[in-house]
Each structure stands twice: as C-alpha cells, then as structure tokens.
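The chain contents come next:
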Amino acid sequence: MKSTFFIAIVFLFTACNAQTKKTNSVAGKKFTVTKTDEEWKKQLSPLAFNVTRKEGTEQAFTGKYWDNHEKGIYSCICCGQELFSSDTKFESGTGWPSFYQPLNKTCLVDESDNTFGMDRTKVTCSRCGAHLGHVFDDGPKPTGLRYCMNSASLNFTKK
Ligand SMILES: [Zn+2]
C-alpha cells in the first residue's frame, strides 16, 4: 500500500515537470502557443529568436520597421497574432518602431521589468509569450503611451 502511494507521488511529480518544461509563462500566465527553444530556432532568424525568446533588444536604427511608413498591420513574428496598426505608429526618434496603442487590449501582456535598474514595463505577445519590447508613459496623445517594439519581433503585412 505504502509503495503504491510512493509510486503515485513520483508519477505526479514527473508529470508536472514534463509539463512545465514546455510551457512559457509570464507572471504565471499560460500561453496558447508553446514551443521548445529548438522548435523556435528552426522557425526564427537568430536575431528574432534572441529578441522574442531571450528578451534581447535589436540595435536602434538597424531594424526593418522603425522607418517604415506603409499602411498595414504588424503581427507577432512567432505566432502571427495581429498586434499593431500603422495608424497608431508615430515618429519617436528612438530608432525602434513605436506605437501609441495596440490593436486591442487582449493581444499584449504587460509586466514590470526592473532589470538594469530601469523602471519599465515589458510587453509580451499574449498568445505565445514572445518578448516584443517595452511600453513607456511618454507617448503622444490620445493614450500618452509609447510602445517601443523590436522590428525583429514583428512581421509587417501591407493592407
Ligand atoms: Zn505571438
């Protein structure tokens, strides 16, 4: 009896472990799209992998979209969820594509980030947990927000 109980506990423990390995989470949130690093690496460029899965930042003025003025939709490079419209893109002068508002409230997850002693908020795709950039409160009207994104984490579709 005792040993059956022990085996059950071990089984439960390993089952939980196997699950957490494949689950991305930001502040305990579960994402619909989850892949291992190996799977993401196959799908993404080395830069996009570093930015979206390892919270890297591309160099200012080097990305594809900071100076893109075409009309269209920016979506997540990892899972394709639509995130921003060119209608809310503005010239921030930072060298990163900047928006004052996402397409809707549910497509992003914000999380406070105090790394490097900076008080800023990380922005993550709500569907796959991709790191996209940061949001600051020095943006233009009407929201006063500045979503500072990495081109490498976005995919632009002309509309
Ligand atoms: Zn995504």
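For the structure, check the block above.
As the structure is a prediction and not an experimental result, all values here were calculated from the model.

A. A look at the overall build of the chain. A tally of helices and strands in the chain yields three helices and 11 strands. Ordered by position in the sequence, the α and β elements of the chain form the string α-β-β-α-α-β-β-β-β-β-β-β-β-β. Counting across all 159 residues of the chain, residues that qualify as buried make up 28%. Considering only residue pairs separated by 6 or more positions, the chain has 54% of its internal contacts joining residues 24 or more positions apart.

B. Geometry of helix H3 (residues 46-54). Listed in full, the buried residues belonging to H3 are Ala48, Val51, Thr52 and Arg53. Looking straight down H3, one finds its buried side chains confined to an arc of 165°; they lie on one side. Those residues of H3 that are exposed and aimed more than 90 degrees away from the buried face are Pro46 and Lys54. Once H3 finishes, Glu55 follows within two positions and takes phi at roughly 55°, a positive value.

C. Up close: the environment of Ser75. Within the fold, Ser75 resides in strand S3 (residues 72-76). C-alpha separation for the pair Ser75 and Thr157, spaced 82 residues apart in sequence, amounts to 7.9 Å. Ignoring any residue separated from it by four or fewer positions in sequence, one finds Ser75 in contact with Gly80, Gln81, Glu82, Leu83, Leu154, Asn155 and Thr157.

D. Local environment of unusual backbone geometry. The step from Lys141 to Pro142 runs through a cis peptide bond, and the omega angle for that step is 5°. Tracing the sequence through the fold places Pro142 in the loop between strand S9 (131-136) and strand S10 (146-149). The phi dihedral of Glu55 falls on the positive side, at around 55°, and the residue is not glycine. Assignment of secondary structure puts Glu55 in the loop between H3 and S3. Even without being a glycine, Phe61 presents a positive backbone phi close to 65°. Looking at the secondary structure, you find Phe61 in the loop between H3 and S3.

E. Expanded view of the pairing of strand S7 (residues 108-113). Of the pairings in the sheet, the one linking S7 to strand S8 (residues 120-125) comprises six bridges and is antiparallel in character. Across the sheet, the residue bridging to Asp113 is Arg120, located in S8. Connecting the antiparallel pair S7 and S8 is a turn made up of six residues, with Phe116 showing a positive phi of about 60°.

F. How the structure looks around the sheet that holds S9. Taken in spatial order, the six strands make up an open sheet running S5-S6-S10-S9-S8-S7, and their pairing is antiparallel. Strands with a single pairing partner mark the edges of an open sheet, and in this sheet they are strand S5 (89-90) and S7. Bridge count for S5 against strand S6 (residues 98-99) is two bridges, and the pairing is antiparallel. What sits directly across from Phe90, in S6, is Ser98.

G. Summary view of the environment of Thr143. Within the element layout of this structure, Thr143 appears in the loop between S9 and S10. Contacts of Thr143, omitting those with residues within four sequence positions, involve Tyr100 and Gln101.

Cut-offs and rules
Residues numbered from 1 in each chain as written. Predicted model: local features only at pLDDT ≥ 70, side-chain atom pairs only at ≥ 80, totals over all residues. Helix = DSSP H or I, 4+ residues; strand = E, 2+ residues; numbered from the N terminus. Buried ≥ 20, exposed ≤ 12 C-beta atoms within 10 Å, placed from the backbone. Contact = placed C-beta atoms within 7 Å. Arc of directions from axis to C-beta. Pairing = 2+ DSSP bridges.

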